[in-house]
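The lines below spell out each chain.
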Amino acid sequence: MLHRFEGYTLDRTRGTLLRDDREIELRPKSFDVLCFLVDNAGRLASKDEIIGSVWPNVVVTDDSIKQCISELRLALGDGDQRII
């Protein structure tokens, strides 16, 4: 499955994020968070929803989500927080 947004291509089949045919490295959980956000685009997702989807049956801290979001914003060049 391919999802295109803001000049990026999220390829779930290959597990990659691309920009101009260049792969952008993401940690697996950050990739999972991005997939969740793409699936839920256009609405505010709660912390509990993200945790339940990305870390089911695992206890995680808020820092885990913050780290993934920070990594995604850096990878997407989203310093102005327009994409996420």
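Further up the page is the structure itself.
Report follows, based on the coordinates. Worth saying up front: this structure is predicted, and the values here are computed from it rather than measured. (Residues numbered from 1 in each chain as written. Predicted model: local features only at pLDDT ≥ 70, side-chain atom pairs only at ≥ 80, totals over all residues. Heavy atoms only, no water.)

**Regarding the nonpolar core**
Put simply, the test is: Each nonpolar core is a collection of buried residues, namely Ala, Val, Leu, Ile, Met, Phe, Trp, Tyr and Cys, held together in the definition by side-chain atoms within 4.5 Å. For every residue, the accessible area (1.4 Å probe, protein chains only) is compared with the maximum for its type, and the residue is labelled buried under 20%, exposed over 50%, or partly exposed between those bounds. Strands here mean DSSP runs of E at least two residues long; helices mean DSSP runs of H or I at least four residues long; both are numbered from the N terminus. Throughout, a residue-residue contact means that at least one pair of heavy atoms, one from each residue, lies within 4.5 Å.
If you look at the biggest cluster of nonpolar residues, it comprises 22 residues, and the most contacted ones within it are Phe5, Leu10, Leu17, Val33, Leu34, Ile50 and Trp55. Mapped by element, the contributors of at least two residues to this core are β2 (8-11), α1 (28-39), α2 (47-54) and α3 (62-76). Broken down by element, the residue count for this core peaks at six residues, all from α1. For Leu10, the residues in contact, after removing those within four places along its chain, are Met1, Leu2, His3, Phe5, Thr16, Leu17, Phe31, Leu34, Cys35 and Val38.

**What to know about α3**
Keep this limit in mind: In a helix, the anticipated span is given by 1.5 Å times the number of residues less one. Regarding the arc, it is the one traced by the directions from the helix axis to the C-beta atoms.
Helix length check: α3 (15 residues) gives 21 Å between terminal C-alpha atoms against 21 Å at 1.5 Å per residue, within 8%. The set of residues buried in α3 consists of Ile65, Cys68, Ile69, Glu71, Leu72 and Leu76. The buried side chains of α3 occupy one side of the element, clustering within an arc of 160° when seen end-on. Turned more than 90 degrees from where α3 packs its buried face, Asp63, Lys66 and Leu74 sit exposed. Structurally, α3 contributes buried residues whose contacts are with β1 (2-5), β2, β3 (16-19), α1 and α2. At the exit of α3 stands Gly77, carrying a positive phi of roughly 60°.

The analysis is restricted to geometry; functional conclusions fall outside its scope.
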